[in-house]
Amino acid sequence: MYSRLARPAVLDIRPYEPGKPLEEVRRELGLRDLVKLASNENPLGPSPLAVAAVRRAAGEIHRYPDPVCHRLTLALAERLEVEPSWIICGNGADDLIRLAAEAFLDPGDEAVFADPSFITYRYAVQLMNARSVAVPLEGFTLDLGRMAEAVSPRTKLIFVCNPNNPTGTAVGRAALERLLERLPEGVLVVLDEAYREYVADPDYPDGLDYVRRGYPVLVLRTFSKIHALAGLRIGYGVAAPELIGVLRRPRQPFPVNVLAQEAALASLEDAAHLARGRENNDAGKEFLYRSLEERGIAYVPTQANFLLVRVDDSRAAFQSLLRRGVIVRPADAFGLSDFLRVTIGLPAENRRFVEALAEGG
Ligand SMILES: Cc1ncc(COP(=O)(O)O)c(C=O)c1O
């Protein structure tokens, strides 16, 4: 009966399949010693400053949070050298993706994104009864030329995931600028930079430059990845104040909880912790590249904190690793049936992954 009551757009959505939670795998397999490399989390854990801030704020959780994240917005504005009116905070970048869809997409409008790319774009578009226009990658990288060609008079949004999840590749300045120059008026680029702090490529564009130059760009960033606050849910968007004003309209009154606001503020202060996160990722990436090459296993070089590793069969390899206590992400869910997506972990976790892969292969 509720299926009949539900909106068809809702029933069309396949529920998001998250990386398997540790507890569930422990229960199912009776394994104690598990390694989770499935959700692109920061293996170092949060900054001690963020943990202390959460402890301090715990006694305040009977109060509603600051609805506009005032102090955090000021801190971000100072750091990013933009006006506070350019910033909107949300319950994770996911929340802001949904908000962009709610604010701009009417039924029948179109949104362009890459395939495969971050799956939340498709869900957000579907929910609005809008049309998803999915443009295949070129190799493993976003094909911004074809994405521009896919724009029609009904297109309102283009989601550019840079670096792209699940492939880890990034587009450079020239390609992004060509896209921005080609777009007709009335199309907004949602530039998702969730993994930007991990990028090593000097040609990686800073989305804020394009906001400053007046292009129709909404930059999305998150505290879930290098800031290691995924469990608290907080991200932010940066765009022209008029656009931020539009996004504020459909949002919930208190989207970001008290603890998340305090932890994010504290985390911004801990540059050393962020540097450690980057160093761990760089070292882990080099180790994985070397180990996989030694074993003749192909992979896709990455700009993020995860990488695609070639296997014969995504599901079989996932199950085999799971039995050995290593949780990764089978990439068949993204249409890549001969790849696993593995998050770069701590040195010992990366070693466990490589050994388990070699044993099970
Ligand atoms: C590309 C991309 N954007 C956004 C998000 C969501 O981030 P948040 O945890 O801030 O909702 C993720 C999380 O995996 C992601 O991979």
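Residues numbered from 1 in each chain as written. Predicted model: local features only at pLDDT ≥ 70, side-chain atom pairs only at ≥ 80, totals over all residues.

1. Focus: the site of the ligand
Applied cut-off: Only the C-beta atom matters for nearness: placed from the backbone, it must lie within 6 Å of the molecule or strand for the residue to count as near. For this scheme, ten residues count as nonpolar: Ala, Val, Leu, Ile, Met, Phe, Trp, Tyr, Cys and Pro. Four count as charged, namely Asp, Glu, Lys and Arg, and the remainder, Gly too, count as polar.
For the ligand, the set of nearby residues contains 13 residues, the closest of which are Gly-92, Ala-93, Asp-94, Thr-222 and Ser-224. Considering only residue class, the shell around the ligand consists of five nonpolar, six polar and two charged.

2. Describing helix H9 (residues 173-182)
Filter applied, for reference: Remark: C-beta atoms are placed from the backbone, and a residue is labelled buried if 20 or more other C-beta atoms sit within 10 Å of its own, exposed if 12 or fewer do, or partly exposed between those counts. Only DSSP runs of H or I covering at least 4 residues are called helices, and only runs of E covering at least 2 are called strands; the numbering of each starts at the N terminus. Arc, as used here, means the arc of the directions from the helix axis to the C-beta atoms. Residues are scored as being in contact if the C-beta atoms we place from backbone atoms lie within 7 Å.
If you check which residues of H9 are buried, you get Leu-176, Leu-179 and Leu-180. Seen along its axis, H9 keeps its buried residues to an arc of 95 degrees; they face one direction. When the buried face of H9 is taken as reference, the exposed residues oriented beyond 90 degrees from it are Ala-174 and Glu-181. On the buried face of H9, the contacting elements are helix H8 (144-149), strand E6 (188-192) and helix H10 (207-212).

3. Looking at the environment of Ala-38
For Ala-38, the position within the fold is in the loop between strand E1 (35-36) and helix H4 (48-57). Sequence spacing of Ala-38 and Arg-341 is 303 residues, and the spatial spacing of their C-alpha atoms is 7.2 Å.

4. Description of the nonpolar core
We count it as follows: The term nonpolar core means buried Ala, Val, Leu, Ile, Met, Phe, Trp, Tyr and Cys residues held together as one set by C-beta atoms within 7 Å. Residue ranges labeled as domains rest on an automatic or database domain assignment.
By size, the foremost hydrophobic cluster in this structure holds 104 residues, and its most contacted members are Val-190 and Leu-218. A total of seven residues in this core trace back to one element, the largest contributor, which is helix H6 (residues 93-104). When residues of this core are assigned to domains, at least three fall in each of domain 1 (2-45 + 272-360) and domain 2 (48-269). In contact with Leu-218, not counting residues within four places along its chain, are Ala-100, Leu-188, Val-190, Leu-191, Gly-237, Ala-239 and Leu-243.

5. Here we look at the environment of Arg-32
Within the secondary structure layout, Arg-32 lies in the loop between helix H3 (22-29) and E1. The exposure class of Arg-32 is exposed, given the 7 C-beta atoms found within 10 Å. Along the backbone, Arg-32 and Leu-22 are ten residues apart, and their C-alpha atoms lie at a distance of 9.6 Å.

6. Regarding the sheet that holds strand E9 (residues 299-300)
The following threshold applies: Being paired, for any two strands, means DSSP has found at least two bridges between them. Under this scheme, a helix contributes an axis fitted over its contacting stretch, all axes are lines through C-alpha atoms, and angles between N-to-C directions fall in the 0 to 180 degree range.
Reading across from one edge, E9-E10-E13-E12 is the order of the four strands in this open sheet, with antiparallel pairing throughout. Every other strand in the sheet has two partners, leaving E9 and strand E12 (329-330) as the edge strands with one partner each. Strand direction decides the pairing type here: strand E10 (residues 306-310) and strand E13 (residues 339-343), joined by five bridges, are antiparallel. Looking across to E13, one finds that Phe-306 is bridged to Thr-343. Lying on the sheet, helix H14 (residues 314-323) is in contact with E12 and E13; it crosses E13 at an angle near 40 degrees.

7. Let's talk about the sheet that holds strand E2 (residues 87-90)
Spatial strand order, E2-E8-E7-E6-E5-E3-E4: seven strands in an open sheet with mixed pairing. Across the chains shown, the open sheet's two edge strands, defined by having one partner strand only, are E2 and strand E4 (131-136). Ignoring which end each strand starts from, the neighbouring axes of this sheet average 20 degrees apart. Relative to E2, helix H11 (residues 241-248) is tilted by about 30 degrees, and along the sheet it contacts E2, strand E7 (217-222) and strand E8 (235-238).

8. Some details on the domain arrangement of the chain
Here the domain parsing of the chain yields domain 1 (2-45 + 272-360) and domain 2 (48-269). Taking only C-alpha atoms, the centre of domain 1 and the centre of domain 2 are 23 Å apart. Residue-level contacts link 27 residues of domain 1 with 25 residues of domain 2. The set of elements that each furnish at least two residues to the side of domain 1 that touches domain 2 consists of helix H2 (8-11), helix H13 (271-294) and E10.

9. Observations concerning the pairing of E10
Buried residues dominate E10, accounting for four of its five residues. Pairing of E9 with E10 involves two bridges; the strand directions are antiparallel. Across the sheet, the residue bridging to Val-300 is Leu-308, located in E10. If you look at the hairpin formed by E9 and E10, you'll find five residues sitting between the two strands.

10. Description of unusual backbone geometry
A negative phi angle is the norm for most residues apart from glycine, just as the trans form is the norm for most peptide bonds. Residue Pro-116 is bonded to the preceding Asp-115 through a cis peptide linkage, with omega at 0 degrees. Mapping Pro-116 onto the fold places it in the loop between strand E3 (110-115) and helix H7 (120-127). Here the bond from Asn-162 into Pro-163 is cis, since omega is 0 degrees, no more than 30 degrees from zero. Its location among the elements puts Pro-163 in the loop between strand E5 (155-161) and H9. One non-glycine residue, Glu-81, lies in the positive phi region at around 55 degrees. Note on placement: Glu-81 falls in the loop between helix H5 (70-80) and E2. The exposure class of Glu-81 is exposed, given the 8 C-beta atoms found within 10 Å. With a phi close to 60 degrees, Ala-228 is a non-glycine residue in the positive phi region.

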